[in-house]
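Each chain, written out:
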Amino acid sequence: MKALLLATAGAALALSGGAAVAAGKAPKPKLSMASARAIALKRAPGRIKDAEYEFEKGGWRYSFDIAQGKRIHEIGVNAMNGKIVEDSFEAPGGKD
């Protein structure tokens, strides 16, 4: 997404807690991707177009791009405590 992006193979490993990231390893999240997805969709109903486990703004989080009509709603969920850490909109087709 906006900060450190994990490669496709690395993202799969990161979800199991095993990807090496820059100076260390991605910590195993306390929250599952499925639980984070439910939190994100409760805040922003729609169709998830992209989901990532990433390090951004000083913490590990799940980031979801949710299609809502012609707009993309980005929801970030803290992977350790389930709190929403981002709630913003992107332009359709825009890069974040």
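Predicted model, so just to flag it, every value in this text is computed and none were measured. (Residues numbered from 1 in each chain as written. Predicted model: local features only at pLDDT ≥ 70, side-chain atom pairs only at ≥ 80, totals over all residues. Heavy atoms only, no water.)

*Asks:* Before we go on, may I ask you to explain the overall build of the chain in this structure?
*Replies:* Scanning the chain for helices and strands turns up 2 helices and 6 strands. For the chain, the succession of helices and strands along the chain, N to C, is α-β-β-α-β-β-β-β. The buried share among the 96 residues of the chain stands at 40%. Counted over contacts in the chain with a minimum sequence separation of 6, partners at least 24 positions apart contribute 42%. (Helix = DSSP H or I, 4+ residues; strand = E, 2+ residues; numbered from the N terminus. Buried < 20%, exposed > 50% of the residue type's maximum accessible area, 1.4 Å probe, protein only. Contact = heavy atoms within 4.5 Å.)

*Asks:* Please clarify how the confidence of the model for the chain should be interpreted in this entry.
*Replies:* Caution applies to low-pLDDT parts of the model: their predicted coordinates are not meant to be read in detail. In this model, the chain carries an average pLDDT of 79, and 69% of its residues clear a pLDDT of 70 or more. No element of the chain has a lower mean pLDDT than helix 1 (residues 8-15), at 37, and none a higher one than helix 2 (residues 33-43), at 98. Note that residues 1-22 has pLDDT below 50 and, in this model, 45 contacts with residues that lie over four places away or in other chains. (pLDDT = per-residue confidence, 0-100.)

*Asks:* Is there a simple way to think about the environment of Ile75 in this case?
*Replies:* Note on placement: Ile75 falls in strand 5 (residues 71-78). You can call Ile75 buried: its relative accessible area is 0%. As a C-alpha pair, Ile75 and Phe89 span 14 residues in sequence and 8.7 Å in three-dimensional space. For Ile75, the contacting residues outside a window of four places in its chain are Ala40, Arg43, Ala44, Tyr62, Ser63, Phe64, Ile66, Ile84, Glu86 and Asp87.

*Asks:* Help me out: how do you make sense of helix 2 in this one?
*Replies:* Among the residues of helix 2, those classed as buried are Met33, Ala36 and Ala40. Angular distribution of buried residues about the axis of helix 2 spans 65°; they occupy a single face of the element. When the buried face of helix 2 is taken as reference, the exposed residues oriented beyond 90 degrees from it are Ala34 and Lys42. (Arc of directions from axis to C-beta.)

*Asks:* Teacher, can you tell me more about unusual backbone geometry here?
*Replies:* For residues other than glycine, phi is negative in most cases, and the peptide bonds are mostly trans. Phi is positive for Lys57, which is not a glycine, with a value near 50°. Along the chain, the position of Lys57 falls in the loop between strand 3 (47-56) and strand 4 (59-68). According to the relative accessible area criterion, Lys57 is exposed, its value standing at 68%.

*Asks:* How should the nonpolar core be read in this particular structure?
*Replies:* One recurring pattern in soluble globular proteins: nonpolar side chains tend to sit buried together. Tyr62, Phe64, Ile66 and Val77 are the most contacted members of the largest nonpolar core, which totals 15 residues. At the level of elements, helix 2, strand 3, strand 4 and strand 5 are the ones that each hand at least two residues to this core. If one sorts the elements of this core by residue count, strand 4 sits on top with 4 residues. Residue contacts for Phe64: discarding those within four places in its chain leaves Met33, Ala36, Arg37, Ala40, Ile48, Asp50, Ala51, His73, Glu74, Ile75 and Val77. (Core = buried A, V, L, I, M, F, W, Y, C linked by side-chain atoms within 4.5 Å.)

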